[in-house]
Amino acid sequence: MRTVLIPTDFSDNAMHAIDHALNLYKCERTTFYFLHAYADEVYGPFKKSGESIKTTEKIIKNKTEEALKKLILEVKDKTQNPKHSYESVFAFESLVDSVNDFVNQANIDLVVMGTQGQTADKKITFGSHTVQIFKYVKCPVLAIPQNYTYQQPKKNIVSNRLYAALQKTGITSFK
């Protein structure tokens, strides 16, 4: 069984990456983990609001839980694939820390994410969170551009840095 982690900020780009991952693994038994790290959301508005960090954290945590539940229901309704299972993960951490921690905890095979988040700046290829995940997470990462239309992969390019990580997951060659 494969394990795939999909960090999400609930943007259109993240939804596109989710669709891509579901297609990529449509014939394999796979557990998909949808992760949302919300520490940045707590500390960003906290500077401007009069609410305490604990109050802000609780509000955002509840919104995150509800959004992840809704996301899983939407995915289940859309795909209805009996080979897939879905779990939600939320963390009051930075995105990189939460992804790294969960990759190790759940023995994740692949991280799939959009190339950009909510800002979706057309002038840049990769958003800052995507670059940080590439740089610091010790797991294969597949970043999906918003305008990419899914096609079954025929060729893959893998960096030398990921060779050991791929061997750990049992992937030794691509067809």
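Read on for an overview of the structure. (Residues numbered from 1 in each chain as written. Predicted model: local features only at pLDDT ≥ 70, side-chain atom pairs only at ≥ 80, totals over all residues. Heavy atoms only, no water.)

1. Focus: the overall build of the protein
Regarding its fold elements, the protein presents six helices and five strands. Secondary structure of the protein in N-to-C order comes out as β-α-β-α-α-β-α-β-α-β-α. Per-residue burial over the protein gives 40% buried out of 175 residues. Sequence-distant contacts, at least 24 apart, represent 76% of the contacts inside the protein between residues at least 6 apart. Surface summary for the protein: the accessible area is close to 10,700 Å², and the carbon and sulfur share equals 52%. (Helix = DSSP H or I, 4+ residues; strand = E, 2+ residues; numbered from the N terminus. Buried < 20%, exposed > 50% of the residue type's maximum accessible area, 1.4 Å probe, protein only. Contact = heavy atoms within 4.5 Å. Areas by Shrake-Rupley, 256 points an atom, 1.4 Å probe, with all protein chains shown as cover.)

2. Here's the deal with the packing of helix H4 (residues 95-106) against helix H5 (residues 128-136)
Remark: H4 packs on H5, axes separated minimally by 10 Å, with the N-to-C direction vectors making an angle of 40 degrees. Here H4 is positioned oblique relative to H5, judged by the angle of their axes. H4 and H5 meet at a crossing whose hand is right-handed. Across the interface between the two elements, Leu-95, Val-96, Val-99 and Asn-100 of H4 pack against His-129, Gln-132, Ile-133 and Tyr-136 of H5. (Axes fitted to C-alpha atoms, helices over the stretch in contact; angles between N-to-C directions. Parallel < 35°, antiparallel > 145°, perpendicular 65-115°, else oblique. Left-handed = near helix turned anticlockwise from the far one by under 90°.)

3. Observations concerning the packing of aromatic side chains
On inspection of all chains with the given rule, the structure shows five aromatic pairs. The structure contains a cluster of three or more aromatic residues connected by ring pairs, namely Tyr-25, Phe-32, Phe-34 and Tyr-86. (Phe/Tyr/Trp six-rings, centres within 6.5 Å; stacked < 30°, edge-to-face > 60°.)

4. Some thoughts on the sheet that holds strand S4 (residues 110-114)
Spatially, five strands are ordered S3-S2-S1-S4-S5 in an open sheet, and the strand pairing comes out parallel. In this open sheet, the two edge strands, each paired with only one partner strand, are strand S3 (84-91) and strand S5 (141-144). Taken over all neighbouring pairs, the strand axes of this sheet differ in orientation by 25 degrees on average, direction set aside. Packing of helix H3 (residues 53-79) onto the sheet brings it into contact with strand S2 (30-37) and S3, and relative to S3 it is tilted by some 165 degrees. (Pairing = 2+ DSSP bridges.)

5. Here's the deal with unusual backbone geometry
Outside of glycine, negative phi angles account for most residues, and trans bonds account for most peptide bonds. Although it is not a glycine, Gln-80 adopts a positive phi angle of roughly 45 degrees. Examined against the element boundaries, Gln-80 turns out to sit in the loop between H3 and S3. For Gln-80, a relative accessible area of 63% corresponds to the exposed category. Of note in this structure, Asn-107 is not a glycine but carries a positive phi near 50 degrees. For Asn-107, the location among the structural elements is in the loop between H4 and S4.

6. Considerations on the environment of Lys-76
If you trace the backbone, Lys-76 turns up in helix H3. Separated by 10 residues in sequence, Lys-76 and Tyr-86 place their C-alpha atoms 8.2 Å apart.

7. Description of the environment of Met-113
Its place among the elements puts Met-113 in strand S4. Exposure remark for Met-113: the relative accessible area of 5% places this residue in the buried category. Between the C-alpha atom of Met-113 and that of Ala-14, which follows or precedes it by 99 residues, the distance is 6.3 Å. With near-sequence residues (within four places) excluded, Met-113 lies in contact with Pro-7, Ala-17, His-129, Thr-130, Ile-133, Val-141, Leu-142, Ala-143 and Ile-144.

8. Thoughts on H4
Relative to the 16 Å expected for 12 residues at 1.5 Å per residue, H4 spans 16 Å between its end C-alpha atoms, a close match to the ideal helical length. Three or more residues of H4 are buried, namely Leu-95, Val-96, Ser-98, Val-99, Asn-100, Phe-102 and Val-103. Here the buried face of H4 lies against strand S1 (2-7), S2, S3, S4 and H5. Of the residues flanking the end of H4, it is Asn-107, one or two places downstream, whose phi is positive at about 50 degrees. (Expected span 1.5 Å × (residues − 1).)

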